[in-house]
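# Reading the structure
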Amino acid sequence: MIQDYSPVDPSCVPSRQLASGARMPAIGLGTFGSDSVKGEAIAEAVLDASRLGYRHFDCASVYGNEHLIGPSLKKLVAEGVKREELWVTSKLWNDKHAEKDVIPSFHKSLKDLQLDYLDLYLIHWPFPNFHPPGCDVSSLDPNAKPYIHENFMKTWRQLEKLVDEGLIRHIGTSNMTIPKLKLVLRDARIRPASNEMELHPHFQQPELFNYVKEQGLEPIGYSPLGSPGRPERDRTPEDTSPTEDPAILGIAKVHDVHPAEICLKWAVQRGQTPIPFSVKRRNYLANLRAVTQDPLTDVEMETIRKLDRNCRLIKGQVFCWKKNQAWEDLWDVNGVITPA
């Protein structure tokens, strides 16, 4: 069987209009290799995916591969893709929240990615708690702290400076909760343009999702397929997989596609921007095609809405600030910011 690798016209890919008026492609290519995929393979996937129609790439300094992705971005621009057609995101890592560290960390990402500006720059986690790559979930930063709003806003002010300088087009948050976002929205001079958050059929976060939308922020959904490649340390016995859900398997059979494509169709039609990761050409092309054709019916969308299990897969245990602390404390499950 001959595989069809014909590209997707980028103009056919759905997009989101941000509060600024800018348009962001409504699906991106994630670049976190989950400690198992080499950066060189990810950089090659970025280049090839761009040739197949991708224009949105979600990066981060902590992924350790921006210096490899940069040459891919430079090459695709040299091949004729206009810089303004691209949407490139990066993120500030937890050990760089100090005011003196924010701008140098940003400039390293900008240099590594070989760009003159970023479309979106996020504070990766609201906690300044460091952990070494590949550590166990029980790892605890001896200097770990809870969310301290005054400190977070000091970090945010540095991002605002970079917007003022024209080096970042939009700034945003990631892994936030409603109580934290309320404070940021109250105090920010430049409002966040988006919040990146875990979103998939088994973890739909309806309250946070609706709040983000109501505030004019765009929800960007990571782990849209249930993060099947996440590190072993992040797995717990109660985890479930949306791509193995019988209802999604049934819908996939009707559409004659892989269940991953159903998860992505649902995400884009619901109103979030998924950023699935893959270095396999067959998969990332199928992901892109999924959101440009054969939409789900209203009945199918409602079926998937009812599949929510409140199953958070990326729990963030390493960001806890006390020994033997419940990871739920990170997520303000009682509607208030968890105190120290």
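Up top you'll find the structure we're talking about.
The notes below deal with the structure included here. (Residues numbered from 1 in each chain as written. Predicted model: local features only at pLDDT ≥ 70, side-chain atom pairs only at ≥ 80, totals over all residues. Heavy atoms only, no water.)

## Let's talk about the overall build of the protein chain
Note the following rule: Here a helix means four or more residues in a row that DSSP labels H or I, a strand means two or more in a row labelled E, and each is numbered from the N terminus. Our radius of gyration is a C-alpha quantity, and the globule rule it is checked against amounts to 2.2 Å times the number of residues to the power 0.38. Each residue gets one of three labels from its accessible area relative to the maximum for its type: buried under 20%, exposed over 50%, partly exposed in between, using a 1.4 Å probe on protein chains only. The contact definition used throughout considers only heavy atoms, calling two residues in contact when any of these lie within 4.5 Å. Residue exposure ignores everything except the shown protein chains as possible cover, and the areas themselves are Shrake-Rupley values with a 1.4 Å probe. The sign given to each residue is positive for Lys and Arg and negative for Asp and Glu; His and the chain ends receive no count. Here the site of a charge means NZ on Lys, CZ on Arg, CG on Asp, or CD on Glu.
Counting its secondary structure elements, the protein chain contains ten helices and ten strands. Over its C-alpha trace the protein chain gives a radius of gyration of 19 Å, about what one expects of a compact globule, namely 20 Å for 340 residues. Counting only C-alpha atoms and orienting by the principal axes, one finds that the protein chain spans roughly 55 × 45 × 35 Å. Buried residues in the protein chain amount to 56% of all 340 residues. Put simply, 75% of the contacts in the protein chain that link residues at least 6 apart link residues at least 24 apart. With the model as given, the accessible surface of the protein chain reaches about 15100 Å², and the carbon-plus-sulfur share is 52%. Here the protein chain carries 42 positive and 45 negative side-chain charges, and the mean point of each set is 2 Å from the other.

## Looking at the pattern of salt bridges
For clarity, the cut-off: Note on definitions: salt bridges are taken to be side-chain nitrogens of Lys or Arg within 4 Å of carboxyl oxygens of Asp or Glu.
In this structure the tally under the stated criterion is 16 salt bridges. Residue aspartate 332 pairs with lysine 180 through a salt bridge whose shortest N-O separation is 2.7 Å. Here aspartate 332, found in the segment after α10 (298–305), pairs with lysine 180, found in helix α5 (residues 178–187); they are 152 residues apart in sequence, far enough to count as distant. For the residue pair aspartate 332 and lysine 180, the accessibility class agrees, reading buried in each case. Its salt-bridge partner being arginine 186, residue aspartate 187 comes within 2.8 Å of it at the nearest N-O pair. Exposure remark for arginine 186: the relative accessible area of 59% places this residue in the exposed category. Among the ionic contacts, a cluster of salt bridges with common partners joins Asp58, Lys91 and Glu196.

## Notes on the sheet that holds strand β3 (residues 29–30)
Definition in use: Two strands make a pair as long as DSSP finds a minimum of two bridges between them.
With respect to topology, eight strands assemble into an open sheet ordered β3-β4-β5-β6-β7-β8-β9-β10, the strand pairing being parallel. One side of each edge strand has no neighbouring strand; the edge strands of this open sheet are β3 and β10 (273–274). When strand β8 (residues 194–198) meets strand β9 (residues 218–222), the two strands line up parallel, connected through five bridges. When the bridges of β9 are listed, asparagine 195 appears paired with proline 219.

## A word on the state of the cysteines
Note on terminology: disulfide describes a covalent bond linking the sulfur atoms of two cysteines. Our working rule: Only a pair of cysteine sulfur atoms within 2.5 Å qualifies as a disulfide here.
Under the counting rule described, the total for this entry stands at zero disulfides. With no disulfide of its own, cysteine 311 has cysteine 263 as its nearest cysteine by sulfur position, at a separation of 13 Å.

## Quick look at the packing of aromatic side chains
Threshold: The pairing test for Phe, Tyr and Trp rings, Trp by its six-membered ring, is centres within 6.5 Å, and the orientation test on the planes gives stacked under 30 degrees, edge-to-face over 60, and tilted for anything in between.
Scanning the entire structure with this criterion turns up nine aromatic pairs. Here the aromatic rings of tryptophan 93 and phenylalanine 319 are separated by 6.1 Å at their centres, their planes lie at 70 degrees, and the arrangement is edge-to-face. Taken together, the residues tryptophan 93 in the loop between β5 (87–92) and α3 (99–112) and phenylalanine 319 in the segment after α10 connect sequence positions 226 residues apart. Residue tryptophan 93 shares its accessibility class with phenylalanine 319, and that shared class is buried.

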